[in-house]
Amino acid sequence: MSHMSDEVTYDEAAQAPVITGSAPPEPSGGQEGMGCHSGADMAEAARMAGQSDLLDQYAKDYPQGPHDKPQSMCPAFGSLRVGLRMKRVATVLSGSACCVYGLTFVSHFYGARRSVGYVPFNSESLVTGKLFEDIRESVHEMADPDRVDAVVVTNLCVPTASGVPLRLLPREINGVRIVGIDVPGFGIPTHAEAKDVLAGAMLNYARQEVEAGPVAAPEGGVSDRPTVTLLGEMFPADPMMIGAMLAPMGLAAGPVVPCREWRELYAALDCGAVAAIHPFYTAAIREFEAAGRKIVGSAPVGHDGTAAWLAGIGDAFGLTADKVAAAQNAFLPAIKEALAAAPIDGRITLSGYEGSELLVARLLIESGAEVPYVGTACPKTPWSEADAEWLRAQGATVKFRASLEDDCAAMEGLEPDLAIGTTPVVQKAKEKSIPALYFTNLISARPLMGPAGAGSLAEVVNAAIAGKSRMTKMRDFFENVGEGDTAGVWEGDPNIREDFRALNLKKLEKQRRAAKAQEMI
């Protein structure tokens, strides 16, 4: 044992010389360790790297709310899922390894069933431009026209902040389209809006192809009637129900955007009007308007919503009043009957980040429920205004760009019979013995349109409300367990040291005063 110093050592390893070197250079425009929660730092780095035009467009299309970072899952999951659901489309991600791991895990959890490409990087390849060369090499390898129609390359936070220029990728390789998009967490507030980023980019590419000359028809063929393109992901039965409601007017339902194959994009553009079922698809709507298509907001949900929507479609196509009336008379009585047969009695707060929250709230109110609060993480747009006005007329408070704090405060303050919301809202509600349902899995996974949607929510909602006594019993049983001093695993009572708590509070208060003084300087 060495006695050369006060340090206790057991061999001579401590005497080995330490080799020091210079710190690795920081990536251009940002640090490799930064992520979407770095917020303003990443955005500033992106602007310094020449991404100002991109961020300005995103700020216009997807205005930020009270928080400057996503409060749901990584936004890039939305665009990733859109690409993975399309036939003959390959997907490549460029971003931090931890981000790519999380995104691919979630995509396979939701049944992607295909590989996700990944182009790794380090500080050196990011700074020298080697990352862009690696991306270009990867798309050349993947651009096999026998296997794919398009390759989608997505920059996540760090490559976007560092200015990796996907716009310089070849537009086409061996007849395979190359679509590059940036989906940073500091520029896209929700994963729902990230779907619009890719849908808009694909529509822009397809629109330029159409303008250049003839294009291929989709596998399903072309309708012999004027079509209405449906904007927004929805339950599979809903497009068929919408098609049935359009038939008396001599119209047909067109493709659903985001599409399932590239050639559907051409058919989507070749429509008479676009139904913005999900009203936050700002970039996609811009492409449809550039193609001269009219946009109709809201959706055929419930009695009032269906009547107004069919009238709006009639106006967009210049149809006579009797044709609109024929469609309304064919379906409105059935909707009213379905609503009456499946009543909902109770107070419900509703929130989510899918973009269909206002439509679900309309359906709940027409079913008899009291809905005093509707929160959506998506932004206010002209195409959601009719739904918001109707809900306000029914006494609901509608909150666009609602934060988690907004949703929880509404749930706690209104003490509803049922809280419908995101996972943390549901968790907090159940802690208070308030029945709760997860919006994404239990509500949006049901038909909403026409007669099929009119009675679809009553069974699950009424069953949840009826479980109030069970929730109360569970709360009483688990009272004071797993929270506060009893959080974690204990064999006995926790050793509570009030003196340590007091000391820590003083330390925190001192830090707060020091930070305040620093701000004044």
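Residues numbered from 1 in each chain as written. Predicted model: local features only at pLDDT ≥ 70, side-chain atom pairs only at ≥ 80, totals over all residues. Heavy atoms only, no water.

Asker: Help me get a handle on the overall build of the protein, residues and values and all.
Answerer: Within the protein, the secondary structure is distributed over 22 helices and 14 strands. For the protein, the C-alpha atoms occupy an extent of roughly 100 × 65 × 45 Å along the three principal directions. Residue pairs in contact within the protein that sit at least 24 positions apart in sequence constitute 73% of those at least 6 positions apart. As presented, the protein carries roughly 25300 Å² of accessible surface, and 53% of it is formed by carbon and sulfur atoms. Within the protein, one finds 47 positive and 65 negative side-chain charges whose respective centroids are separated by 3 Å. (Helix = DSSP H or I, 4+ residues; strand = E, 2+ residues; numbered from the N terminus. Contact = heavy atoms within 4.5 Å. Areas by Shrake-Rupley, 256 points an atom, 1.4 Å probe, with all protein chains shown as cover. Lys, Arg positive; Asp, Glu negative; His and termini not counted. Charge placed at Lys NZ, Arg CZ, Asp CG, Glu CD.)

Asker: Summarise the nonpolar core; cite the residues concerned and give the values.
Answerer: Within the largest apolar cluster, 61 residues are counted, with the highest numbers of intra-cluster contacts made by Leu364 and Val461. For leucine 364, the residues in contact, after removing those within four places along its chain, are Ile344, Ile348, Leu350, Ala369, Val371, Ile420, Leu457 and Val461. (Core = buried A, V, L, I, M, F, W, Y, C linked by side-chain atoms within 4.5 Å. Buried < 20%, exposed > 50% of the residue type's maximum accessible area, 1.4 Å probe, protein only.)

Asker: Give a description of the packing of aromatic side chains that names residues and reports values.
Answerer: On inspection of all chains with the given rule, the structure shows six aromatic pairs. Summarising the aromatic geometry, the rings of tyrosine 205 and tryptophan 262 are spaced 5.6 Å apart at their centres and angled 90° between planes, so their arrangement reads as edge-to-face. Residue tyrosine 205 is found in helix H8 (residues 191-212), and its partner tryptophan 262 is found in the loop between strand S7 (252-257) and helix H10 (263-269); the two are separated by 57 residues along the sequence. Judged by relative accessible area, tyrosine 205 falls into the buried class, the value being 5%. Classification of tryptophan 262 as buried rests on a relative accessible area of 1%. (Phe/Tyr/Trp six-rings, centres within 6.5 Å; stacked < 30°, edge-to-face > 60°.)

Asker: Hey, could you go over the sheet that holds strand S11 (residues 370-376) for me, with residue numbers and the actual values?
Answerer: Strands sit in the order S12-S11-S10-S13-S14 across an open sheet of five strands; the sheet is parallel. Looking at which strands have only one partner, the edges of the open sheet turn out to be strand S12 (397-400) and strand S14 (436-438). Pairwise comparison of adjacent strand axes, ignoring direction, gives a mean angle of 10° for this sheet. As defined by bridge partners, strand S13 (residues 418-421) adjoins S14 across three bridges and the pair is classed as parallel. Counted as the bridge partner of glycine 421 is tyrosine 438 from S14. Across the sheet, helix H17 (residues 423-431) is in contact with strand S10 (347-352), S13 and S14; its angle to S14 comes to roughly 165°. (Pairing = 2+ DSSP bridges. Axes fitted to C-alpha atoms, helices over the stretch in contact; angles between N-to-C directions.)

Asker: I'd like a description of a nonpolar patch on the surface, backed by residues and values.
Answerer: A cluster of nonpolar side chains, contributed by Tyr101, Phe105, Phe109 and Tyr110, occupies part of the molecular surface with about 510 Å² of accessible area. As for its placement among the helices and strands, tyrosine 110 is situated in the loop between helix H4 (97-109) and strand S2 (117-118). (Patch = residues over 30% accessible without salt bridge, like charges linked within 9 Å, V, L, I, M, F, W, Y side chains within 5 Å. Salt bridge = Lys/Arg side-chain N within 4 Å of Asp/Glu carboxyl O.)

Asker: I'd love a proper account of the sheet that holds strand S6 (residues 227-231), names of residues and values included.
Answerer: Spatially, four strands are ordered S7-S6-S8-S9 in an open sheet, and the strand pairing comes out parallel. Strand pairing shows two members of the sheet lacking a second neighbour, S7 and strand S9 (294-296), which therefore form its edges. Shown here is a sheet whose adjacent strand axes are inclined to one another by a mean of 30°, direction ignored. Sheet topology places S6 next to S7; four bridges connect them, and they run parallel. Of the residues in S7, the one forming a bridge with valine 228 is alanine 253. In the packing of helix H11 (residues 282-290) onto the sheet, contacts are made with S6, S7, strand S8 (273-275) and S9, and the angle to S6 comes to roughly 160°.

Asker: Go over the side chain of arginine 177 with me, naming the residues and quoting the values.
Answerer: Following the sequence through the fold, arginine 177 ends up in strand S5 (residues 176-182). Residue arginine 177 is classed as buried on the basis of its relative accessible area of 13%. A polar side-chain atom of arginine 177 sits 2.8 Å from a polar atom in the side chain of glutamate 209. Engagement of the side chain of arginine 177 in a polar contact is seen with the side chain of tyrosine 266, the distance being 3.1 Å. Leaving out residues up to four positions away in the same chain, arginine 177 has contacts with Asp149, Ala150, Val151, Arg171, Tyr205, Glu209, Trp262 and Tyr266. (Polar contact = N/O pair within 3.5 Å; in protein donor to acceptor, adjacent residues only side chain to side chain.)

Asker: Break down unusual backbone geometry for me, with residues and values.
Answerer: Along the chain, valine 257 connects to proline 258 via a cis peptide bond; the corresponding omega equals 10°. Among the structural elements, proline 258 can be located in the loop between S7 and H10. Phi is positive for arginine 401, close to 50°, though the residue is something other than glycine. The residue arginine 401 is located in the loop between S12 and helix H16 (404-414) in this model. You will see that glutamate 415, though not glycine, has its phi angle at about 45°, which is positive. Residue classification places glutamate 415 among the exposed positions, given a relative accessible area of 62%.

Asker: Any chance you could break down the environment of isoleucine 242 for me, citing the residues and the numbers?
Answerer: Following the sequence through the fold, isoleucine 242 ends up in helix H9 (residues 237-246). For the pair formed by isoleucine 242 and leucine 230, sequence separation is 12 residues and the distance between their alpha carbons is 9.2 Å.

Asker: Now, about the pairing of S6: what can you tell me, with residues and values included?
Answerer: In terms of burial, S6 is a largely internal element, five of the five residues being buried. The alternating pattern of S6 places Thr227, Thr229 and Leu231 on one face and Val228 and Leu230 on the opposite face, and all of these are buried. Of the strand pairs in this sheet, S6 and S8 are connected by three bridges, and their pairing is parallel. Pairing of valine 228 across the sheet is with alanine 273, part of S8.

Asker: For the environment of alanine 49, give the residues involved together with the corresponding values.
Answerer: Along the polypeptide, alanine 49 turns up in the loop between helix H1 (40-48) and helix H2 (52-61). Since its relative accessible area comes to 24%, alanine 49 is described here as partly exposed. Expressed as a C-alpha distance, the spacing of alanine 49 and valine 164, which sit 115 residues apart in the sequence, is 8.6 Å. Alanine 49 has contacts with Ala161, Ser162 and Gly163, leaving out every residue within four places of it along the chain.

Asker: Outline the pattern of salt bridges, supporting the account with residue identities and numerical values.
Answerer: Tallying each qualifying case throughout the model produces 24 salt bridges. Close ionic contact of aspartate 149 with arginine 88 constitutes a salt bridge, the shortest N to O distance being 3.0 Å. Of this pair, aspartate 149 sits in the loop between helix H6 (130-142) and strand S3 (150-155) while arginine 88 sits in the loop between helix H3 (76-84) and strand S1 (89-94), placing them 61 residues apart in sequence. Judged by its relative accessible area of 23%, aspartate 149 falls in the partly exposed class. When its relative accessible area of 33% is taken as the criterion, arginine 88 is described as partly exposed. Measuring nitrogen to oxygen at the nearest pair gives 2.9 Å for the salt bridge that ties arginine 362 to aspartate 387.

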